[in-house]
Amino acid sequence: QEEQEGEGSSSTFHGECFVFDKRVALTEGLEPSNKYISCHGCRGPMDRRLLDEVEDGATNYDAGNGTSDLEKKRKEYEQLLMGIRNLSPLTYDSNSQRWYVPGLTCPRCHDGTTRESFERFAQRKEQMEICAREGKSHFQDNGRK
């Protein structure tokens, strides 16, 4: 409704609002947010910093847990996903205190993700990367930057 009211209108919310289209979230000025992106797994909103940190080389393994907890989690992850190509390392988000796999899951959906879902997510990620390399848009990512 506010978009239809024209230039002088002001939004009635503060912060960012999630939307259910390719924009994922809107700012108070009803512009697409740069803070949130869609999780490649559950397609729900996730903080962009979760991918940016990994792309910058800063994997978040310091979970404040002992090494045995980290090793146990890594072994469970390796066991579950043995043989699936194109996987990122298991990463810990200190804000949510949950694990996730960058590019495949987010901290919200990771623990409930099955092997079959990981396989689908990895295939989708690979298709999206091929499209990006070839300068093509992926049908699920049209319009996203």
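Summarised in this report is the structure supplied together with it.

Reading guide: rules and limits
- Residues numbered from 1 in each chain as written.
- Predicted model: local features only at pLDDT ≥ 70, side-chain atom pairs only at ≥ 80, totals over all residues.
- Heavy atoms only, no water.
- Helix = DSSP H or I, 4+ residues; strand = E, 2+ residues; numbered from the N terminus.
- Buried < 20%, exposed > 50% of the residue type's maximum accessible area, 1.4 Å probe, protein only.
- Contact = heavy atoms within 4.5 Å.
- Areas by Shrake-Rupley, 256 points an atom, 1.4 Å probe, with all protein chains shown as cover.
- Disulfide = S-S within 2.5 Å.

Focus: the overall build of the protein
Then step 1. For the protein, the helix and strand inventory stands at 4 helices and 6 strands.
Then step 2. Residues counted as buried form 34% of the 145 residues belonging to the protein.
Then step 3. For the protein, contacts bridging at least 24 residues in sequence account for 39% of all contacts bridging at least 6.
Then step 4. Accessible surface computed for the protein: about 9,400 Å², of which carbon and sulfur atoms make up 46%.

Concerning the state of the cysteines
Disulfide: a covalent bond formed between the sulfur atoms of two cysteine residues.
Then step 1. This structure, assessed with the given rule, holds 0 disulfides.
Then step 2. The closest cysteine sulfur to the non-disulfide-bonded Cys 39 is located on Cys 106, 3.8 Å from its own sulfur.
Then step 3. Of all cysteine sulfurs in the structure, the one in Cys 109 sits closest to Cys 106, which takes part in no disulfide; the separation is 3.7 Å.

A look at unusual backbone geometry
Then step 1. Located in the positive-phi region is Arg 43, a residue other than glycine, with phi close to 70°.
Then step 2. Structurally, the position occupied by Arg 43 is in the loop between strand S3 (36-38) and strand S4 (45-47).
Then step 3. Since its relative accessible area comes to 27%, Arg 43 is described here as partly exposed.
Then step 4. Although it is not a glycine, Gln 97 adopts a positive phi angle of roughly 60°.
Then step 5. For Gln 97, the position within the fold is in the loop between strand S5 (91-93) and strand S6 (98-100).
Then step 6. Taking the relative accessible area as the measure of exposure, Gln 97 reaches 58% and is therefore exposed.

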